[in-house]
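Survey of secondary and tertiary structure
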Amino acid sequence: MKKELICIRCPIGCRLSAEWKGDFEELNISGNRCPRGAEYAKQELRDPRRIVTAVVPCNSVLQPCIPVRTDRELPKHLIDRLLNILYRSRVEIPVRKGDIFIENFENSNANVIFSSTITR
Amino acid sequence: MIQEETFDVTVIGAGAAGLAAAAVTAAAGKTTIVIDREDRPGGILRQCIHNGFGLRYFKEELTGPEYAEQAAEKAEKAGANLRLGATVLDMKKEPDGTLLLLVLSPGDGVRKIRSLAVILAMGCRERNRGNLAIPGSRPAGVFTAGAAQKLLNMEGILPGKKAVIVGSGDIGLIMARRLRWSGIKVEAVVEIMPYPAGLTRNIVQCLNDFGIPLYLEHSVVNILGRERVEGVEVAPLKDGIPQTERKFHIDCDTVLFSVGLIPENELSSSVGVALNPSTGGPLVDSGYETGVPGIFAAGNVLHVHDLVDFVSEEAEHAAQMVIRRLNGETAPGGTFPVKVESNLKYVVPNRCRNGQDTRFAFRSLIVTNDAELEAEQNGKIIWKRHYNYIRPAEMIIVDLKAEQLKEEGELTFRLKKGEKI
Amino acid sequence: MTYDVAIIGAGVTGASSAWHLSRYQLKAVLLERWADVCFGVSKANSGIIHGGFHHPVSTLKARLEIRGNLMFERLQHELGFPFKRTGILVVAFSEEEMSTVHKLYEQGIRNGVRDLEMCGRDRLLQLEEKLNPEVVGGFFAPGGGTIEPYRYVFSLVEAARRNDVDLKCNFEVAGADRQENTWLIRSANGEEVRARYVVNAAGLFADRVSRIFGAEEFTIHPRKGEEYLLDRNSPARPQRVIFPVPTEHSKGVLVIPTAEGTTMIGPTADPVENKLDTTTSADNMKRILAHVRNMVNGISPRDLITSFAGLRPVMDNEDFYIALSEKAPDFVQAAGIQSPGLTASPAIGEYVKELLKSAGLPLLEKVHIVSELAPRHEIRHEPIEEMERLHREDPAWTHIICRCEKISEAEIVEAVRKGHTTLDGVKFYTRAGMGRCQGGFCSAKIMKIISRETGIPMEKLTKKGGKSRLAVGRLGDLKVETNQKTSEA
């Protein structure tokens, strides 16, 4: 199997080429100018993850929504599920920046935390 | 009688620049007021709910609201007064050299605010469809990327169901992901230049992740629909001219424009601050002081940055210069001009002083992976550095030490393209 | 109930007619097809009060233009809209063009226009320093000026309503029957209105309305005019309206110092098929820029803040058609009101009133009429002490919503409470969103205020009525299905 990627570990953006057999066996990365490029490609192919940010409706008089984020990268395949849950939730204020809204989402070890403090 | 208040320093704008500057002046014991239109501090950061901010300035990766909240805490802890929901309607220089602002707010009504120094930190606004005179009809569903971002992230309102994004600036890219993460389709991003205007990581994470096509060297030549947007016509460009015979239709109900930012300097101009046509921001010396003594500028009002961390740093530098001026340690104005030529769009500052640490910020006009940036003064190359990555989207920052700037004389920077591509 | 008069079309013609009729003991109604008044021809034009020299006095439009022009001081005093007699300069850049200038000047003199002044180059440059110094000559018409057309129409309608005229928006006339000496008028969505007399002020659609009532057959030809607006800080803003020498079909491409501080360049004059085609084009922008940069210094595409297009409703003979119908009873035609319709409008309203009178409508003056609107406060124009007083009255006066044009929350609330519940309606009433950011910063804030005042959820608000929804729903209404792939180059 073959795949082209762009490394985003630094602004240079090396064009990477990945080749492998079966379930990412004999994974070979080329095109990277530094070891971080190979690490990036391996992670991205085997277990792609992203920080997820969103807003959740809340009962504040100041603003109808409160921003949230995951406190670590979430496996990509869980992102849609998380977002659909968040948009249908409702936050009761007060909340503080860093408070946990959803703990260990789907056993991913990622918590959803508030990224803003709203007290009224 | 209109109430008058007096401060050492007035900061206009409580975004990243204003809050960072106020934290520094207030911590140095200068009475400081920060004036902002919105009810909460943080400026545009508050609607930038995505992560990627703060690694440099706060040493941790933050979302926009987190960065805003930390910056506001820092300013308030240092003793800065925040005057929110307040608009500066007018600014003038008094015969005694103080600066007098007319400020309106629902909380305090009409106030005059007098200070010894003003730091301009109003940020920028988005260039819009009207500025570009994009042809077609004028239906609902045409937004700047930032306006759509505000509707979605602050109000929870979906601006449309199927969008085309014009311009590949970072806000547009970030919005592409946000739209997809809100259940909205993104049919295309259309960019007139042969390369993206935004950062590579945003191309990868906001477009490629979702399979959103990026049309480079293409232009929207028509917006369709009478009541609500019904589609756009896109044409490839040849030598910058749309090839309308090769135009194609994209069905959509929403068009977002992410086509550049303009420093917001109408207030600055009204008090006589001269602007640099290359940046849209004030001409400043290496102390970030504008041509009007006592008025300083930092952040996106001075020139448009790509990283908020640099905005905060620049504002801190400016604030330190304000403190030195208020303490009588420096005089206004630089002693020699700073110029750019070949492949550089601009430099900040425009004048500087010998024997003083100075930060220079540049924007390239070219894409290259092999270039040398050099500084020439009095016929000698006084400094140079090799770069293996230069993009117009990414600002170049150079810090020169006092000992590197020993002499007087016009300082010219140029970017020389190397052999490699 | 049966109205005495139904006026079809709440543009400048209908609004002026309504204002004139509202002084009499009768009940009138304005029927408007769009969501707000002044959303058709009257919204998108150059906003010029013309000088009375462009057309021969043998035409109805010239006679009404000349009379209308003289009525604006009084109207402004009564209704308080932005209007300024800036004066008009017609300028020539060749001896050939000068011959047209002479003809126009003489026509103006024959038309009885006072104070026209032939000017040489030096005098022109003295009158207007922004002119290209290569100007050869021209003339000065001090009686010309600029007006905010929508503000003018809004205030006419508001004054008429204060005097008991009814307004029905979203009323598109779809049918009409004559029953027992009255007209039964039906709208496209099934509403009905009865009236003894009808005025056809339907602008682009006057031909269709005439047909619906079985009146004269004629055709309104839409002729498009594109306009481009420059930032109020543009160095090109002249003191006076600058006209080139006219062409056969239009008065040419002008440079206009608008009544509210921006600079407008345009219009084009191109016939189009579709009466809803208000698109702008890249070619016309280039044409306009090429024309005006030759006349006035300092015009730069960098200062563009927006563009728009309007359609002139043109009759075959190019003149106004204002007359009692010879086919349909008690039916007044007020059609073909293209340029100089805005200038002529006060006289058109009067003329329509006289026609109705001649058709038997009794005109008895009311004992009590509201002859003046209370002056409108605008925070950007108030002295500091007045700002302070307004703030004590309502803190919303010192809450600035539109930063570019400096419009307060109180002004926006006033617009909404007066019935302007679309984003464009608020914009044209207050100027909020008309400045350099074109609503980028304030649209969401204005939507919140409209929603709060009307109870309409934010996502259901429209730009200009109908299907022009500004949003499609709330977060969560659409399912997120990104089916995320891994990164691809």
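Residues numbered from 1 in each chain as written. Chains lettered and ligands numbered in written order. Predicted model: local features only at pLDDT ≥ 70, side-chain atom pairs only at ≥ 80, totals over all residues. Heavy atoms only, no water.

**As for empty space enclosed by the protein**
- As enumerated under the stated definition, the model contains two cavities of 30 Å³ or more in all.
- Approximately 100 Å³ is the volume found for the largest cavity.
- Residue lining of the largest cavity: 13 residues in total, with Asp285, Gly287, Thr330, Ala331 and Arg353 of chain B positioned closest to the centre.
- For the lining of the largest cavity, the residue count by class is three nonpolar, six polar and four charged.
- Of the volumes computed, that of the second largest cavity is approximately 30 Å³.
- Lining the second largest cavity we find Arg37 and Glu38 of chain B together with Ile400, Ile401, Arg403, Phe441 and Lys445 of chain C.
- Split by residue class, the lining of the second largest cavity holds three nonpolar, no polar and four charged. (1 Å grid on protein atoms, 1.4 Å probe; cavity = no way out; pocket = protein on both sides within 12 Å on 5 of 7 lines; lining within 4 Å. Points joined across faces, edges and corners; volume = space filled by probe spheres on them. Nonpolar A, V, L, I, M, F, W, Y, C, P; charged D, E, K, R; others polar.)

**Side note on the sheet that holds strand β14 (residues 214-215) of chain B**
Residue and element names in this part refer to chain B.
- Sheet architecture is open: five strands sit in the order β10-β19-β12-β13-β14, paired in parallel fashion. Two strands close off the open sheet at either side, each with one partner strand: β10 (142-144) and β14.
- The pairing of strand β12 (residues 162-166) with strand β13 (residues 185-190) spans five bridges and is classified as parallel. Along β13, the bridge assignment pairs isoleucine 165 with valine 189.
- Most of the contacts of helix α4 (residues 145-155) go to β10, to which it runs at about 95°, and overall it touches β10 and β19 (254-257). (Pairing = 2+ DSSP bridges. Helix = DSSP H or I, 4+ residues; strand = E, 2+ residues; numbered from the N terminus. Contact = heavy atoms within 4.5 Å. Axes fitted to C-alpha atoms, helices over the stretch in contact; angles between N-to-C directions.)

**Remarks on the domain arrangement of chain C**
Residue and element names in this part refer to chain C.
- Taken domain by domain, chain C comprises domain 1 (1-82 + 146-219 + 315-375), domain 2 (88-142 + 221-311) and domain 3 (379-460).
- With 10 residues of domain 1 at the interface, the matching set in domain 3 holds 10 residues.
- Summing both sides of the interface, domain 1 and domain 3 together bury roughly 880 Å²; the carbon and sulfur share of this comes to 55%.
- Applying the counting rule to domain 1 against domain 3 returns two salt bridges.
- In terms of residue class, the side of domain 1 that touches domain 3 is made up of four nonpolar, no polar and six charged. (Domains from an automatic or database assignment. Buried area = accessible area lost by both parts, 1.4 Å probe. Salt bridge = Lys/Arg side-chain N within 4 Å of Asp/Glu carboxyl O.)

**Overview of α4 of chain B**
- Counting buried positions along α4 of chain B yields 11 of 11 residues, so the element is predominantly enclosed.
- Of the positions making up α4 of chain B, those classed as buried are Ala145, Gly146, Ala147, Ala148, Gln149, Lys150, Leu151, Leu152, Asn153, Met154 and Glu155 of chain B. (Buried < 20%, exposed > 50% of the residue type's maximum accessible area, 1.4 Å probe, protein only.)

**Here's the deal with the interface of chain B and chain C**
- Facing 58 residues of chain B, the contacting portion of chain C comprises 64 residues.
- Summed over both partners, the interface of chain B with chain C buries about 5,100 Å², with 57% contributed by carbon and sulfur atoms.
- On the chain B side of the interface with chain C, the three residues burying the most area are Arg138, Leu158 and Arg226 of chain B, jointly 14% of the side's total.
- One can count four salt bridges joining chain B with chain C.
- Of the charged contacts in the structure, one is a salt bridge between glutamate 266 of chain B and arginine 436 of chain C, with a shortest N-O distance of 3.4 Å.
- At the boundary of chain B with chain C, the tally comes to 24 residue pairs in polar contact (both at pLDDT 80 or more).
- Those elements giving two or more residues to the side of chain B that touches chain C turn out to be β6 (87-93), β7 (99-105), β8 (109-120), β9 (124-126), α3 (129-132), β10, α4 and β11 (157-158) of chain B. (Polar contact = N/O pair within 3.5 Å; in protein donor to acceptor, adjacent residues only side chain to side chain.)

**Overview of the packing of helix α3 (residues 72-79) of chain C against helix α6 (residues 149-162) of chain C**
Residues and elements named next belong to chain C.
- The contact between α3 and α6 brings their axes to 10 Å, and the two run at 65°. Crossing of α3 over α6 shows left-handed handedness. Facing Phe72, Leu75 and Leu79 of α3, the residues of α6 in contact are Tyr152, Ser155, Leu156 and Ala159. (Left-handed = near helix turned anticlockwise from the far one by under 90°.)

**Some remarks on the sheet that holds strand β5 (residues 53-57) of chain A**
Residues and elements named next belong to chain A.
- Pairing within the open sheet is antiparallel, and its four strands lie in the order β5-β6-β9-β8. The two strands at the open ends of the sheet, each matched to only one other strand, are β5 and β8 (100-102). Ignoring strand direction, the axes of neighbouring strands in this sheet form an average angle of 40°.
- Bridging between strand β6 (residues 65-70) and strand β9 (residues 112-114) involves three bridges; their strand directions are antiparallel. Across the sheet, residue arginine 69 finds its bridge partner in β9, namely isoleucine 113.
- Contacts from helix α2 (residues 79-87) reach β5, β6, β8 and β9 within the one sheet, and its direction differs from that of β5 by about 25°.

**Observations concerning the side chain of aspartate 207 of chain C**
All names here are of chain C.
- On the secondary structure map, aspartate 207 appears in helix α7 (residues 206-212).
- Look at aspartate 207 and you get buried, because its relative accessible area is 6%.
- Beyond its immediate sequence surroundings of up to four residues, aspartate 207 is in contact with Phe218, Thr219, Ile220 and Lys275.

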